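Close look at the chain arrangement
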Amino acid sequence: MSARTKPTSQDEALEQAFGAPVSDLYERAVRPDAPPALVRALELRSFLAVAEQQVARVRDRVHQATAADRDMDELSATDLRFDAQWMDAALAGRNGYLTALGELLRSMPPPAPVPGRAVQMTQPKITTALPPSPAAHRAGAAPGHRP
């Protein structure tokens, strides 16, 4: 199975950042006009997929070795020490990829709004006639009808 098809813990963050499912992002990344941030993010995602698979593999091996139904005579402290070292290495790699991917996503500008139909806001116009100014009466204008 390719790293492209393996799920990772960061797929949702990538989909939100780039606005498309991971499978579509890989298709966009091979185009000549692909944004460098997308190419780099998917490269980190592929490394992360492998690291997370390694973590899961070691975890499953430890669970199997320490299962309640296993014979205690089969337990090996040496094997468990090796598994602990493998787990340290796998987690360190995963954490490094998570950090690098997180920094890349944080440094990206926010996604551009999806182009669509422009929305034009209209406000009702209120028109009124102002009463004649008092200055107009003083200047000799004809007085208006008074009730």
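Above this text is the structure in question.
Examining the packing of helix 2 (residues 22–29) against helix 3 (residues 36–65)
Taken N-terminus to C-terminus, the directions of helix 2 and helix 3 make an angle of 125°; their axes are 10 Å apart at the nearest point. The angle between helix 2 and helix 3 falls in the class oblique. Handedness of the crossing formed by helix 2 with helix 3: left-handed. Where helix 2 abuts helix 3, its residues Val22, Leu25, Tyr26, Arg28 and Ala29 lie against Leu38, Val39, Leu42, Arg45 and Ser46. Partitioning the contact of helix 2 with helix 3 into residue classes produces 7 nonpolar, 1 polar and 2 charged.

A closer look at the side chain of Lys6
As for its placement among the helices and strands, Lys6 is situated in the segment before helix 1 (11–18). Of the polar contacts made by the side chain of Lys6, one reaches the side chain of Gln53; its length is 3.0 Å.

Some words on the packing of helix 3 against helix 4 (residues 77–107)
When two helices pack together, their arrangement is given by the angle between the helix axes and by the axis-to-axis distance. One way to put it is that helix 3 packs onto helix 4 with a least axis distance of 9 Å and a crossing angle of 155°. Between helix 3 and helix 4, the interaxial angle falls into the category roughly antiparallel. Considering how the two elements wind past one another, helix 3 and helix 4 form a crossing that is left-handed. Partitioned by chemical class, the residues of the contact of helix 3 with helix 4 number 18 nonpolar, 2 polar and 6 charged.

So, the pattern of salt bridges
Scanning the model with the defined rule gives 5 salt bridges in all. Note that Arg59 and Asp60 form a salt bridge whose closest N and O atoms lie 3.0 Å from each other. A residue is classified by how much of its surface remains accessible, and Asp60, at 40% relative accessible area, is partly exposed. We note a salt bridge from Glu74 to Arg70, for which the minimum N-O separation is 2.6 Å.

Rules used throughout
Residues numbered from 1 in each chain as written. Predicted model: local features only at pLDDT ≥ 70, side-chain atom pairs only at ≥ 80, totals over all residues. Heavy atoms only, no water. Axes fitted to C-alpha atoms, helices over the stretch in contact; angles between N-to-C directions. Helix = DSSP H or I, 4+ residues; strand = E, 2+ residues; numbered from the N terminus. Parallel < 35°, antiparallel > 145°, perpendicular 65-115°, else oblique. Left-handed = near helix turned anticlockwise from the far one by under 90°. Contact = heavy atoms within 4.5 Å. Nonpolar A, V, L, I, M, F, W, Y, C, P; charged D, E, K, R; others polar. Polar contact = N/O pair within 3.5 Å; in protein donor to acceptor, adjacent residues only side chain to side chain. Salt bridge = Lys/Arg side-chain N within 4 Å of Asp/Glu carboxyl O. Buried < 20%, exposed > 50% of the residue type's maximum accessible area, 1.4 Å probe, protein only.

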